[in-house]
Amino acid sequence: MTDLLDSLLGGLALGAVYALVALGFVVIFKASGVLNFAHGSLLLLGGYLVAVLHDDLGFAGALALAVIVTAALAGALDRFLLQRGGHDAHSAHVQTIVTIGVDIVLLTELARRIGGDLLTLGDPWGDAVTELGPVTVADSRLAAIVVSAVVIGGVFALFRFTSWGLSLRAAAEDMEAAALMGVRLGRVRAGAWCLAGALAALAAVFLAAFPAPGLERTTGQIALNAFPAAILGGLASPTGALAGSLVIGLTEALVVGYQSELHVLGEGFGDVAPYAVMLLVLLVRPNGLFGAKGAARV
């Protein structure tokens, strides 16, 4: 029972962090129809900035600056590179491919800088743990759950109660109609990319925190486990991204926690478990858990 509770808490914390990343995928897709494959390298950039700046600025200052810089870079990539291709569906496909090139460039440079090192981010939790009955849980995991819940609540409030959120929802429903009604698609897109970049930088802190050994050049690849979470929930659904992230996080933690019982599936099954769950769900619900069927006029 203790092992089960430990796996569930770990999965909940991991799912909360994945939700930050998955929301970035979703908000960009809603605003522009683009699948941002550079999201992992943006996350790695945010974590790298915290790692190199926390000695001079302190953890809070380094995190704040990393969030701002990553958000600004993401917004600039969209504004000065991707938006030049237009806002139609065909352009979105081309822009998705462009993000792959952006990812390669960013990842190559960051990997060169990080090398084989493990970078510490100077987070205040360190290796501290808390006893919750029979379960010992890292303080970083509790912080991940609390911080993610607060931030995700703020993002949902942004969607619901701001003019930008209303414009985003209008653009997601019908981009052409939204433009005709006066919605400035360029500003909506730029805001979405900035928000996604900020969420990615924040997620990097918890992906590199204890019990993880630190930030390494492969940390950005871990973030791509949030991609099946976004697909699983429905790529245009923020609520689906949250639900999908929790499912993926719990699945990954349970598979790793019970690896000895699942040895028949192979030692590395935990790495592919998120994608296996995604495929199983999509066989039943091709549009995802919260995805809606689209109507087309012919």
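Small disclaimer: the values here were computed from a predicted structure and weren't measured.

**A word on the nonpolar core**
Here comes step 1: With 76 residues, the main nonpolar core has Val-27, Leu-43, Val-50, Trp-164 and Leu-215 as its most contacted residues.
Here comes step 2: Ignoring any residue separated from it by four or fewer positions in sequence, one finds Leu-215 in contact with Leu-44, Gly-47, Tyr-48, Ile-114, Asp-117, Leu-118, Leu-119, Leu-121 and Ala-208.

**Considerations on the pairing of strand β1 (residues 129-132)**
Here comes step 1: Relative to strand β2 (residues 135-138), β1 runs antiparallel, the two sharing four bridges. Looking across to β2, one finds that Glu-131 is bridged to Thr-136.
Here comes step 2: In this antiparallel pair of consecutive strands, β1 and β2, the connection spans two residues, and Gly-133 shows a positive phi of 65°.

**Observations concerning helix α10 (residues 238-257)**
Here comes step 1: In this model, α10 (20 residues) spans 28 Å end to end at C-alpha, consistent with the 28 Å of a helix rising 1.5 Å per residue.
Here comes step 2: What α10 keeps buried is the set Pro-238, Gly-240, Ala-241, Gly-244, Ser-245, Ile-248, Gly-249, Thr-251, Glu-252, Ala-253 and Val-255.

**Some thoughts on the UniProt feature "transmembrane region" (unreviewed entry) in the protein chain**
Here comes step 1: The UniProt feature table records "transmembrane region" (unreviewed entry) at residues 12-29, 34-51, 57-77, 142-161, 190-210, 222-250 and 262-284.
Here comes step 2: With 72% helix and 0% strand, residues 34-51 has end C-alpha atoms that lie 30 Å from one another.
Here comes step 3: Annotated as 100% helix and 0% strand, the span residues 142-161 places its first and last C-alpha atoms 28 Å apart.

**Thoughts on a nonpolar patch on the surface**
Here comes step 1: A cluster of nonpolar side chains, namely Phe-37, Ile-97, Ile-100 and Ile-104, defines an oily patch on the protein surface of about 360 Å² accessible area.
Here comes step 2: Secondary-structure assignment places Ile-100 in helix α3 (residues 89-114).

**Thoughts on the environment of Ala-72**
Here comes step 1: Within the secondary structure, Ala-72 is located in helix α2 (residues 39-82).
Here comes step 2: Taking relative accessible area as the criterion, Ala-72 reaches 45% and is therefore assigned partly exposed.
Here comes step 3: Distance in space between the C-alpha atoms of Ala-72 and Leu-195 is 9.2 Å, their sequence separation being 123 residues.

**Observations concerning the pattern of salt bridges**
A side chain of one charge can pair with a side chain of the opposite charge if their charged atoms are brought near each other.
Here comes step 1: The tally for this structure, following the rule as stated, stands at three salt bridges.
Here comes step 2: The shortest N-O distance in the salt bridge between Glu-109 and Arg-113 comes to 2.8 Å. Here Glu-109 and its partner Arg-113 are both found in helix α3, four residues apart, which amounts to about one turn of the helix.
Here comes step 3: Residue Arg-113 is classed as partly exposed on the basis of its relative accessible area, which comes to 48%.
Here comes step 4: Shared partners join several salt bridges into a network, and the residues in it are Glu-109, Arg-112 and Arg-113.

**Let's talk about the side chain of Thr-99**
Here comes step 1: Within the secondary structure, Thr-99 sits in helix α3.
Here comes step 2: Judged by relative accessible area, which is 2%, Thr-99 ranks as buried.
Here comes step 3: Side-chain polar atoms of Thr-99 contact the backbone nitrogen of Phe-37, separated by 3.2 Å.
Here comes step 4: Among all residues touching Thr-99, those that are not within four sequence positions of it are Val-34, Leu-35, Asn-36, Phe-37, Ala-38, Leu-82 and Trp-193.

**Quick look at the packing of aromatic side chains**
Geometrically, a pair of aromatic rings is defined through the distance of the ring centres and the angle of the planes.
Here comes step 1: All told, the structure shown has six aromatic pairs when counted by the stated rule.
Here comes step 2: For the ring pair Phe-59 and Trp-125, a centre distance of 5.9 Å and an interplane angle of 75° mean the geometry is edge-to-face. With a gap of 66 residues between them, Phe-59 in helix α2 and Trp-125 in the loop between α3 and β1 connect regions that are remote in the sequence.
Here comes step 3: Clustering of aromatic rings is evident, with ring pairs tying together Phe-25, Phe-37 and Phe-227.
Here comes step 4: The residue whose ring lies beneath Arg-79 is Phe-80, and the NZ or CZ to ring-centre distance is 5.7 Å.

Rules used in this analysis
Residues numbered from 1 in each chain as written. Predicted model: local features only at pLDDT ≥ 70, side-chain atom pairs only at ≥ 80, totals over all residues. Heavy atoms only, no water. Core = buried A, V, L, I, M, F, W, Y, C linked by side-chain atoms within 4.5 Å. Buried < 20%, exposed > 50% of the residue type's maximum accessible area, 1.4 Å probe, protein only. Contact = heavy atoms within 4.5 Å. Pairing = 2+ DSSP bridges. Helix = DSSP H or I, 4+ residues; strand = E, 2+ residues; numbered from the N terminus. Expected span 1.5 Å × (residues − 1). UniProt positions renumbered as here; feature names shortened; annotations may be inferred. Patch = residues over 30% accessible without salt bridge, like charges linked within 9 Å, V, L, I, M, F, W, Y side chains within 5 Å. Areas by Shrake-Rupley, 256 points an atom, 1.4 Å probe, with all protein chains shown as cover. Salt bridge = Lys/Arg side-chain N within 4 Å of Asp/Glu carboxyl O. Polar contact = N/O pair within 3.5 Å; in protein donor to acceptor, adjacent residues only side chain to side chain. Phe/Tyr/Trp six-rings, centres within 6.5 Å; stacked < 30°, edge-to-face > 60°. Lys NZ or Arg CZ within 6 Å of the ring centre and 35° of its normal.

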